[in-house]
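Fold and contact review
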Amino acid sequence: MQKYLSDKNETNLRLPGPVPVPFDILNEQTKPLINHRGNEFSYLLKNCTDKLKQIFATDNDLYITTSSGTGVMEASISNFLSEGDEIIVASVGWFGDRFTEIAQAYNVKVINLSFSHGSNINCIDLEECIKKNPKAKAVYVTHNETSTGVQNNLSDISKIVTKYSLLFVVDGISSVASVPCETDKLKIDVLISASQKGWVTPPGLAFISVSKKAWNYHKVSSLPKYYFDISQYKNYFKKGQPPFTPAIGVMYSLDKALDLLIEETMPKVYERHKKVAYKIRTKLIEIGFELFPDDENHASDTLTSVKIPKETSTKQIIEKLENKYNVIISAGQGNLSDKILRIGHLGLVSDAEIDWLIESLIKSMEKENE
Ligand SMILES: Cc1ncc(COP(=O)(O)O)c(C=O)c1O
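This report concerns the structure included in the present document. Worth saying up front: this structure is predicted, and the values here are computed from it rather than measured. (Residues numbered from 1 in each chain as written. Predicted model: local features only at pLDDT ≥ 70, side-chain atom pairs only at ≥ 80, totals over all residues. Heavy atoms only, no water.)

Regarding the layout of surface pockets
There is about 430 Å³ of room inside the largest pocket. Forming the walls of the largest pocket are 17 residues, and the residues nearest its centre are Asn9, Pro20, Val21, Pro22 and Phe23. Grouping the amino acids of the lining of the largest pocket by side-chain chemistry returns 10 nonpolar, three polar and four charged. Considered as a void within the structure, the second largest pocket measures approximately 360 Å³ in volume. Lining the second largest pocket are 20 residues; nearest its centre among them are Gln151, Val179, Pro180, Lys274 and Asp301. Residue assignment for the lining of the second largest pocket shows that the elements contributing at least two residues are helix H6 (154-163) and helix H10 (266-286). (1 Å grid on protein atoms, 1.4 Å probe; cavity = no way out; pocket = protein on both sides within 12 Å on 5 of 7 lines; lining within 4 Å. Points joined across faces, edges and corners; volume = space filled by probe spheres on them. Nonpolar A, V, L, I, M, F, W, Y, C, P; charged D, E, K, R; others polar. Helix = DSSP H or I, 4+ residues; strand = E, 2+ residues; numbered from the N terminus.)

So this is what it looks like as structure tokens:
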């Protein structure tokens, strides 16, 4: 994968997903379409599933859905719970809150353990919350909160969740394949991710891993489900097929991207992300920005969020970066929309792109302050 680091991109796409995808991976989508119920697709599906399991570091079942990440977030609720069940959602931002919104749409009772934006999940509070709510069946957490740039410590959280034998559900949409997230070692029952993030693949596919314990929850779950019913995925997978028409082109891209990640080796991919994140954070601090996470130790390795000075507007900075310098970054979400900038650095980021980003930011801020 590393060999595709490019200094020649015309746009510096620094969103926290979708990420820039090299032409060799993109072009896979132009292959002629094939029968998704035939042998060739069966081979592709099995191959991609095996490679995804390697990166998820799991022997659990794993399924590929044709959807964005929110589809598998919904699957992680509808497949394992029943109406009136209680769950704990430990949320540090916008995407954590999405679990609550989905669960409430299904009439699941949510115990909201919310932390202030910029903080990570406090494990003492989590344990207290579990003790106070003995009826809770599951804990839902976001590994990497893309709305704030905070990365939670999954190994600490795992110790607590497993101590109380609760179902452990993790949104790894913006973390898996970029930072270590070993499903089996961390005893994660359900882990989800989506193709447009560290997988260096176009949007359109999402992934969900399911442990034996999660299957036991599934057996007694009575929430309505159809498109995302994992039993359908399981039954069809036995025949080497997906239950519904898949995004065949994206699957070809994914297959190629997975080969490149595995060829580079995951420890090297993680190390590359760590180095890029450190470099971007350090440069942003050097040019006068303050990190949004309240402690650099839980700053994300896949995106960095920074506060902007009171007198400046995120909208104007973002527009200038795009119109004058071809650099695309994001504002905050919800009530953070005019308070922070979010810069994605998952997937491939070259040194030249980091310099281009920083120089453009300096110029955009100078003009902004004039
Ligand atoms: C942590 C996290 N969860 C959920 C989502 C939602 O995924 P999607 O937009 O693919 O539905 C995102 C997307 O940015 C995310 O970063």
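Moving on, there is more to tell.
A word on the site of the ligand
As a matter of local geometry, the ligand sits amid 14 residues, with Ser68, Thr70, Thr146, Asp171 and Lys197 nearest to it. Coverage of the ligand by the protein chains reaches 87% of its 390 Å² of free accessible surface. Looking at the shell around the ligand, the elements with two or more residues in it are helix H3 (69-78) and helix H4 (94-105). Sorting elements by how many residues they give to the shell around the ligand places H3 first, with three residues. Of the residues in the shell around the ligand, the class split is three nonpolar, eight polar and three charged. (Near = heavy atom within 4 Å. Areas by Shrake-Rupley, 256 points an atom, 1.4 Å probe, with all protein chains shown as cover.)

Some remarks on H10
Between its first and last C-alpha, H10 extends 30 Å over 21 residues, near the 30 Å set by a 1.5 Å rise per residue. Those residues of H10 that fall on the buried side of the exposure criterion are Met266, Val269, Tyr270, Arg272, His273, Val276, Ala277, Ile280, Arg281 and Leu284. Angular distribution of buried residues about the axis of H10 spans 155°; they occupy a single face of the element. Among the exposed residues of H10, those oriented more than 90 degrees off its buried face are Pro267, Lys268, Lys275, Tyr278 and Glu286. A positive backbone phi angle near 105° is found at Gly288, which sits one or two residues after H10. (Expected span 1.5 Å × (residues − 1). Buried < 20%, exposed > 50% of the residue type's maximum accessible area, 1.4 Å probe, protein only. Arc of directions from axis to C-beta.)

Some details on the environment of Gly84
Looking at where Gly84 falls in the secondary structure, it is placed in the loop between H3 and strand S3 (86-91). Note: C-alpha distance between Gly84 and Asp184 (100 residues apart in sequence) is 29 Å. Contact partners of Gly84, with chain neighbours within four places excluded, come to Asn107, Val108 and Lys109. (Contact = heavy atoms within 4.5 Å.)

Re the sheet that holds strand S2 (residues 61-66)
Within the open sheet, the seven strands sit side by side as S2-S10-S9-S8-S5-S3-S4. Their pairing is mixed. Both outer strands of the open sheet, S2 and strand S4 (109-114), are each paired with one neighbouring strand and no more. Pairs of neighbouring strands in the sheet enclose a mean axial angle of 20°, with direction left out of account. Across three bridges, the pairing between strand S8 (residues 167-171) and strand S9 (residues 190-194) is parallel. Of the residues in S9, the one forming a bridge with Val169 is Val190. Strands in contact with helix H2 (residues 39-56) are S2, S9 and strand S10 (205-210); relative to S2, the strand with the most contacts, it is inclined by about 120°. (Pairing = 2+ DSSP bridges. Axes fitted to C-alpha atoms, helices over the stretch in contact; angles between N-to-C directions.)

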